[in-house]
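Fold and geometry: a report
In case you want the letters, here they are:
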Amino acid sequence: ARNKLLESQVRAVYPNLVISTCYQAAWEKLFRYMDVEPKFVKPSSKTFAITAEEVKAQIDDKTIGVVCILGNHYGGQYDPVWEVDEMLQKLNKEKGYQVGIHVDAASGGFIAPFQPNLPAWD
């Protein structure tokens, strides 16, 4: 307001993070205090997980990362980290991005390492 610029002009770049709506409440602090815009992906009502295609649709040149949840706090379902990673590898190469994945394993990280036949997630 002092220099009569709009907030969008002052901010210039507002980074975003792609995340499921099943996120842990602690993420709200990151969004608020670090000025990161959440780009929400609504999980399927059948699987309670996001898909790589839905994540891809939310990614742009201001995306700093994707959060996959390993054991959401509603029913313990896992997002398909391996599929999201495969999609990101291709997209990063194609567009020159450097978007990475954070695996939020607050609920599932305790048991996932001991589950047989679980695809790679770390």
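Residues numbered from 1 in each chain as written. Predicted model: local features only at pLDDT ≥ 70, side-chain atom pairs only at ≥ 80, totals over all residues. Heavy atoms only, no water.

1. Regarding the pattern of salt bridges
For the structure shown, the criterion picks out two salt bridges. The partner of Lys39 in a salt bridge is Asp60, with the nearest N and O atoms 3.1 Å apart. Placement of the pair is Lys39 in strand S2 (residues 37-41) and Asp60 in the loop between helix H3 (52-58) and strand S3 (63-69), with a sequence separation of 21 residues. Given a relative accessible area of 25%, Asp60 falls into the partly exposed group. In this structure, Glu86 engages Lys90 in a salt bridge whose closest nitrogen and oxygen atoms are separated by 3.9 Å. Residue Glu86 and its partner Lys90 are located together in helix H4 (residues 81-95), separated by four residues, close to a single helical turn. By relative accessible area, Lys90 is classed as exposed at 54%. (Salt bridge = Lys/Arg side-chain N within 4 Å of Asp/Glu carboxyl O. Helix = DSSP H or I, 4+ residues; strand = E, 2+ residues; numbered from the N terminus. Buried < 20%, exposed > 50% of the residue type's maximum accessible area, 1.4 Å probe, protein only.)

2. Regarding the environment of Gln77
Tracing the sequence through the fold places Gln77 in the loop between S3 and H4. Since its relative accessible area comes to 24%, Gln77 is described here as partly exposed. When the C-alpha positions of Gln77 and Lys29 are compared, they lie 23 Å apart, and in sequence the two are 48 residues distant. Here Gly75 takes part through its backbone nitrogen, which lies 3.5 Å from a polar atom of the side chain of Gln77. (Polar contact = N/O pair within 3.5 Å; in protein donor to acceptor, adjacent residues only side chain to side chain.)

3. Quick notes on the pairing of S2
The sheet contact formed by strand S1 (residues 16-20) and S2 spans five bridges and is parallel. Bridge pairing links Ser20 to Val41 in S2. Following the backbone out of S1, through helix H2 (residues 27-33) and into the adjacent parallel S2, one traces a crossover that is right-handed. (Pairing = 2+ DSSP bridges. Right-handed = clockwise from strand over helix to strand, strands pointing away.)

4. Observations concerning the side chain of Asn92
Assignment of secondary structure puts Asn92 in helix H4. Relative accessible area serves as the criterion here: at 16%, Asn92 is assigned to the buried category. For Asn92, the side chain forms a polar contact with the main-chain oxygen of Val99, separated by 2.8 Å. Not counting residues within four places of it along the chain, the set of residues in contact with Asn92 comprises Tyr97, Gln98 and Val99. (Contact = heavy atoms within 4.5 Å.)

5. Brief notes about unusual backbone geometry
Phi at Asp35 takes a positive value of approximately 55 degrees, unusual for a residue other than glycine. Turning to its location among the elements, Asp35 is positioned in the loop between H2 and S2. The phi dihedral of Phe48 is positive, around 55 degrees, even though this residue is not glycine. Overall, the relative accessible area of 38% leaves Phe48 in the partly exposed class.

6. Focus on the nonpolar core
Counting 14 residues, the largest nonpolar core has Val18, Val55, Ile59, Val66, Val84, Met87 and Leu88 as its most contacted members. Elements with a minimum of two residues in this core: H3, S3 and H4. Ranked by residues supplied to this core, first place goes to H4 with five residues. Beyond its immediate sequence surroundings of up to four residues, Ile59 is in contact with Val18, Val66, Met87, Leu88, Leu91, Tyr97 and Val99. Core analysis: the next-biggest nonpolar cluster, separate from the first, contains nine residues, Leu17, Val36, Val67 and Ile69 among them. (Core = buried A, V, L, I, M, F, W, Y, C linked by side-chain atoms within 4.5 Å.)

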